[in-house]
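Architecture and fold: a report
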Amino acid sequence: MAFTLTSNDFQDGDTLPDAQVQSKGNTSPHLAWSDAPEGTKSFAITVFDPDAPTGSGFWHWTVANIPADVREIPAAGPVPAGAVEGRTDYGAPGFGGAAPPPGHGPHRYVFTVFAVDTERLEVTPENSGAIFGFNLHFHTLARASITATWENKG
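Residues numbered from 1 in each chain as written. Predicted model: local features only at pLDDT ≥ 70, side-chain atom pairs only at ≥ 80, totals over all residues. Heavy atoms only, no water.

1. Observations regarding the packing of aromatic side chains
- As enumerated under the stated definition, the model contains 7 aromatic pairs in all.
- Between Phe3 and Phe43 the ring centres are 6.3 Å apart and the planes differ by 25 degrees, which places this aromatic pair in the stacked class. Residue Phe3 is located in the segment before β1 (4-6), and its partner Phe43 is located in strand β3 (residues 42-49); the two are separated by 40 residues in the primary sequence. Like Phe43, Phe3 is buried.
- Note on Trp33 and Phe43: the rings are 5.4 Å apart at their centroids and 50 degrees apart in plane angle, and the pair reads as tilted. Of the two residues, Trp33 sits in strand β2 (residues 31-34) while Phe43 sits in strand β3, which places them 10 residues apart along the sequence.
- For Trp33, a relative accessible area of 4% gives the class buried. (Phe/Tyr/Trp six-rings, centres within 6.5 Å; stacked < 30°, edge-to-face > 60°. Helix = DSSP H or I, 4+ residues; strand = E, 2+ residues; numbered from the N terminus. Buried < 20%, exposed > 50% of the residue type's maximum accessible area, 1.4 Å probe, protein only.)

2. Focus on the pattern of salt bridges
- One pass over the full model with this rule turns up 2 salt bridges.
- The salt bridge partner of Asp18 is Lys24, with a shortest N-O separation of 3.7 Å.
- We classify Asp18 as partly exposed; its relative accessible area is 44%.
- We note a salt bridge from Asp51 to Arg108, for which the minimum N-O separation is 2.6 Å. Taken together, the positions of Asp51 in the loop between β3 and β4 (58-67) and Arg108 in strand β7 (residues 107-116) put the pair 57 residues apart, joining distant regions of the chain.
- Judged by its relative accessible area of 41%, Arg108 is partly exposed. (Salt bridge = Lys/Arg side-chain N within 4 Å of Asp/Glu carboxyl O.)

3. Quick look at the sheet that holds β2
- The strand order across the open sheet built from 3 strands is β1-β2-β5, with neighbouring strands paired in antiparallel fashion. The strands lining the two open edges of the sheet, one partner per strand, are β1 and β5 (72-73).
- Bridge count for β1 against β2 is 3 bridges, and the pairing is antiparallel. Following the sheet pairing, Thr4 is matched in β2 by Ser34. (Pairing = 2+ DSSP bridges.)

4. Topic: the sheet that holds strand β6 (residues 84-85)
- The strand order across the open sheet formed by 5 strands is β6-β4-β3-β7-β8, and the pairing between neighbours is antiparallel. Both outer strands of the open sheet, β6 and β8 (140-150), are each paired with one neighbouring strand and no more.

5. Examining the nonpolar core
- With 28 residues, the main nonpolar core has Trp33, Ile45, Trp61, Ile66 and Phe111 as its most contacted residues.
- Taken together, the elements giving at least two residues each to this core come down to β2, β3, β4, β7 and β8.
- For this core, the leading source of residues is β8, giving 5 residues.
- Residues in contact with Trp33, not counting those within four places in the same chain, are Phe3, Thr4, Leu5, Phe43, Ile45, Ile66, Val70, Arg71, Glu72, Ile73 and Val113.
- Ranked by size, the runner-up nonpolar core spans 9 residues in total, among them Ala44, Phe114, Phe132 and Leu136. (Core = buried A, V, L, I, M, F, W, Y, C linked by side-chain atoms within 4.5 Å. Contact = heavy atoms within 4.5 Å.)

6. Things to note about the pairing of β3
- Counting buried positions along β3 yields 7 of 8 residues, so the element is predominantly enclosed.
- Bridge analysis of β3 against β4 gives 7 bridges, and the strand direction is antiparallel. Paired with Asp49 across the bridge in β4 is Phe58.
- Bridge count between β3 and β7: 7 bridges; the pairing is antiparallel. Bridge pairing in β7 places Phe48 opposite Val110.

Okay, structure coming up:
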C-alpha cells in the first residue's frame, strides 16, 4: 500500500474550509496518515503555497520530529510533545492560514506529510521552511500530499 494523507476537514482538490483561512479561523486542519514505509522513525508536515506572488512561494506551516507512533494531528492542534513547529513566512512558528492577496486568483495549499528516517531533524522554531526543507531533503523515505485551494475575491 502507498503512504497516504487524508483530512476530515477537506479532500484533495477541495476549497479550504474557513477554519484554515487566516482571517476566518486560522487553525490547522485535522491530518491523518497511513502506510508509512519501513524504517520510519518520525514524521514531518509542511504546508506550502506555490502560487504566492513572492517568486519563492509561501510557507504556512512546518512541523518536524513528530514521533513515529503518531498517525494524526487533530484540527487546531496541538502538535505532539517533542515536535518542533518552525517559523512560517508570517514570521512566527505555528500554523498560518490562507491569505492570498485579493484578485490574485485561487492559490494552492499543498499539505505534505513526510516519513523521516531519523527521530530528530536538527531544526528549531526559529528555522524557516527552507531550512526544514533542506533537512527533509536528506532524510525523507516517502511523502504524501493533499492540495486544497482558496481565493480571496476581495
